[in-house]
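# Inside the fold
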Amino acid sequence: MKKLLFMACLSYLLTGCTHVIFGAVLPELLAHYGRSYSDGGLLVFLQFGGFLLGVLSMPALSRRISRRNTLTSAFGLLFLAMVCIVLLPPWPLAVALTFLAGVAFGLVEASISTFVLMAAKDQQAMAFSKLEVFFGLGALIMPLVSSILIANDLWKYGFMLLGLSALVTGFVWSKISLGEHDELLAHRADRSKQAVKPPSLTRSSLTFLVLFMIVFFLYVGMENTIVNFLPSIFIDHLHVSSSVSTLAVTAYWLAMVIGRVFAGVLAEKFTYFRYLIISFSAGLITVLLWLFSSELWSSFAVVLLLGLFMSGMYAVALIYANQLLPGRTEQVTSTLIAAGGLGGSVIPLGVGWGMDHIQVGVSIWFVLIGMGLVLGIILYSRKSNTQAQVSTSHS
């Protein structure tokens with residue numbers, strides 16, 4: 001299990017870097033091509049479109065060519081996309097390569113998360129929280145690396161760094177032996193036999209899945225809103241410099257990484273349902289305090305608290321949903337990650353429009369309303385799912 005977690009964490013570190021690389025070098029990329037920020041928005045949107053396609057196609061690919069080959073192919077695709085982007089091809093091709101990169105890391109993220117959930121069994125929360133820690137580290141490290149490369153006019157080589165890392169990681173996945181987990185990694189559907197269908201969804205189970213799709217849609221939308229618009233909020237409300245406002249994002253990711261170190265242990269101790277209720281309730285209160293924060297120190301305190309409270313929400317919600325819908329880990333995991341990816345691309349577009357046409361504070365109000373809605377959904381889903389207490393001992 002240690003070797004599996006090491007490789008999974010390494011892969012998640014790479015996906016964390018890939019998630020933020022385009023945003024980190026976006027001004028330089030747009031300046032090179034002579035494009036506007038609306039073109040940059042299209043680039044990010046298509047990246048998430050590719051991510052959705054990768055996530056949704058993962059279960060079918062895993063059954064057809066095995067999980068190992070799916071992972072190896074995904075890393076190869078990521079290598080190809082990143083190395084071609086380094087060459088700074090014509091804009092239409094660059095956009096297509098961005099979409100291709102999104103497909104690749106969507107496949108990787110969905111494959112790794114599903115594999116770890118299936119292999120970890122009774123230690124799912126602790127195992128998945130480690131993945132989230134490394135994802136956060138990647139999202140934290142890549143902007144710092146990019147800033148160094150930008151300062152030396154070498155920004156495009158950040159893509160080369162990720163491409164070579166993907167190549168090496170994919171090669172290791174193709175050769176590595178994980179002992180007792182090798183059969184699970186190499187498994188694919190037997191085409192000569194009728195596929196074993198997962199248990200059919202009851203009305204209550206389908207309702208629960210739809211509700212949690214909304215939870216993931218809203219959560220990832222909130223997280224992306226915070227990450228993308230924190231500097232603008234600080235500049236507009238506190239009138240600080242760009243350099244100071246950018247530190248708010250660093251503070252948020254630091255708090256997320258620290259919180260994820262302890263999220264798994266706390267979730268196992270409190271039970272998954274209670275952990276989610278406490279986290280979203282605390283997050284709701286923190287955002288309420290944010291509305292009345294007019295000092296720099298208190299705003300940074302709010303950002304740090306918000307990062308801590310939000311750190312384990314995604315991983316624990318994913319595990320909680322899988323435990324209440326047993327027997328369909330691949331389908332549930334890919335569906336919920338896809339719902340999150342959709343929210344992460346669509347919601348920031350809407351919030352950005354609101355910030356342009358109404359006021360910057362719209363972003364804070366959205367996070368407040370989103371926290372309240374998710375808290376209400378989780379409470380309601382607990383009551384509506386009649387199998388909750390039977391299907392999991394963690395509820």
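Residues numbered from 1 in each chain as written. Predicted model: local features only at pLDDT ≥ 70, side-chain atom pairs only at ≥ 80, totals over all residues. Heavy atoms only, no water.

### Focus on the overall build of the protein chain
Tallying secondary structure elements over the protein chain gives 16 helices and zero strands in all. Summarising the internal contacts of the protein chain: among those between residues at least 6 apart in sequence, 85% fall at separations of at least 24. Entry remark: accessible area of the protein chain is about 17100 Å², with carbon and sulfur atoms responsible for 67%. (Helix = DSSP H or I, 4+ residues; strand = E, 2+ residues; numbered from the N terminus. Contact = heavy atoms within 4.5 Å. Areas by Shrake-Rupley, 256 points an atom, 1.4 Å probe, with all protein chains shown as cover.)

### Considering the side chain of threonine 114
By the secondary structure assignment, threonine 114 is in helix H5 (residues 91-120). Overall, the relative accessible area of 1% leaves threonine 114 in the buried class. Within polar-contact distance, the side chain of threonine 114 engages the backbone oxygen of alanine 110 at 2.8 Å. If sequence neighbours within four positions are ignored, threonine 114 has contacts with Met58, Thr329, Glu330 and Thr333. (Buried < 20%, exposed > 50% of the residue type's maximum accessible area, 1.4 Å probe, protein only. Polar contact = N/O pair within 3.5 Å; in protein donor to acceptor, adjacent residues only side chain to side chain.)

### Overview of unusual backbone geometry
Its identity as a non-glycine residue notwithstanding, serine 66 has a phi of 90 degrees, on the positive side. Checked against the element boundaries, serine 66 lands in the loop between helix H3 (37-65) and helix H4 (67-86). You will see that threonine 271, though not glycine, has its phi angle at about 85 degrees, which is positive.

### Section: the environment of methionine 7
You can see methionine 7 is positioned in helix H1 (residues 2-24). Its relative accessible area of 3% is what places methionine 7 among the buried residues. For the pair formed by methionine 7 and leucine 178, sequence separation is 171 residues and the distance between their alpha carbons is 9.8 Å. When near neighbours in sequence (up to four residues on either side) are disregarded, methionine 7 contacts Thr169, Val172, Trp173 and Ile176.

### Considering a nonpolar patch on the surface
Taken together, the side chains of Ile258, Val261, Phe262, Leu266, Phe270, Ile278, Leu305 and Leu308 present a nonpolar region at the surface, about 680 Å² in accessible area. Contributions of two or more residues to the nonpolar patch are made by helix H10 (242-270) and helix H12 (296-310). A total of five residues in the nonpolar patch trace back to one element, the largest contributor, which is H10. Looking at the element boundaries, phenylalanine 262 is found in helix H10. (Patch = residues over 30% accessible without salt bridge, like charges linked within 9 Å, V, L, I, M, F, W, Y side chains within 5 Å. Salt bridge = Lys/Arg side-chain N within 4 Å of Asp/Glu carboxyl O.)

### Remarks on the packing of aromatic side chains
To describe a pair of aromatic rings, one takes the distance between the centres and the angle between the planes. On inspection of all chains with the given rule, the structure shows 10 aromatic pairs. With a centroid separation of 5.8 Å and 45 degrees between ring planes, the pair formed by phenylalanine 212 and tyrosine 320 is classed as tilted. Of this pair, phenylalanine 212 sits in helix H9 (residues 203-238) while tyrosine 320 sits in helix H13 (residues 313-324), and the two are 108 residues apart along the sequence. Assessed through its relative accessible area of 0%, phenylalanine 212 is described here as buried. Residue class for tyrosine 320 comes out buried when judged on its relative accessible area of 1%. Arranged with centres 6.3 Å apart and planes meeting at 40 degrees, the rings of phenylalanine 273 and tyrosine 320 form a pair that is tilted. Note that phenylalanine 273 is positioned in helix H11 (residues 272-291) and tyrosine 320 in helix H13, a separation of 47 residues in sequence. For the pair formed by phenylalanine 273 and tyrosine 320, the shared burial category is buried. Following the ring pairs from residue to residue traces out a cluster consisting of Phe208, Phe212, Phe273 and Tyr320. (Phe/Tyr/Trp six-rings, centres within 6.5 Å; stacked < 30°, edge-to-face > 60°.)

### A closer look at the environment of leucine 318
By the secondary structure assignment, leucine 318 is in helix H13. Distance from leucine 318 to alanine 125, taken between C-alpha atoms, is 9.3 Å for residues 193 residues apart in sequence. Setting aside residues no more than four positions away along its own chain, leucine 318 makes contact with Leu117, Phe128, Phe216, Thr333 and Leu336.

### Some words on H11
In this model, H11 (20 residues) spans 29 Å end to end at C-alpha, consistent with the 28 Å of a helix rising 1.5 Å per residue. When we look at burial in H11, the residues that qualify are Tyr272, Phe273, Tyr275, Leu276, Ile277, Ser279, Phe280, Ala282, Gly283, Thr286, Val287 and Trp290. (Expected span 1.5 Å × (residues − 1).)

### Some remarks on the side chain of threonine 169
Checked against the element boundaries, threonine 169 lands in helix H7 (residues 157-175). Engagement of the side chain of threonine 169 in a polar contact is seen with the backbone oxygen of serine 165, the distance being 2.7 Å. Residues contacting threonine 169, with those up to four places away along its chain left out, are Met7, Leu10, Ser11, Leu14 and Phe75.

### A look at the environment of leucine 306
The topology assignment puts leucine 306 in helix H12. Exposure remark for leucine 306: the relative accessible area of 1% places this residue in the buried category. Spatially, the C-alpha atom of leucine 306 lies 5.9 Å from that of glycine 283, the residues being 23 residues apart in sequence. Each residue touching leucine 306, except ones within four places of it in the same chain, is listed here: Ile226, Tyr252, Gly283, Thr286, Val287, Trp290 and Met371.

### Re the pattern of salt bridges
As a working rule, side chains carrying opposite charge can pair if their charged atoms are close by. The tally for this structure, following the rule as stated, stands at two salt bridges. For glutamate 132, the salt bridge identified is with arginine 260, shortest N-O distance 3.4 Å. Residue glutamate 132 is located in helix H6 (residues 124-151), and its partner arginine 260 is located in helix H10; the two are separated by 128 residues in the primary sequence. In this pair, the class of glutamate 132 matches that of arginine 260, namely buried.

### Some details on H6
Spanning 28 residues, H6 covers 41 Å between terminal C-alpha atoms, matching the ideal 40 Å at 1.5 Å per step. Just beyond H6, the residue with positive phi is aspartate 153, at close to 55 degrees.

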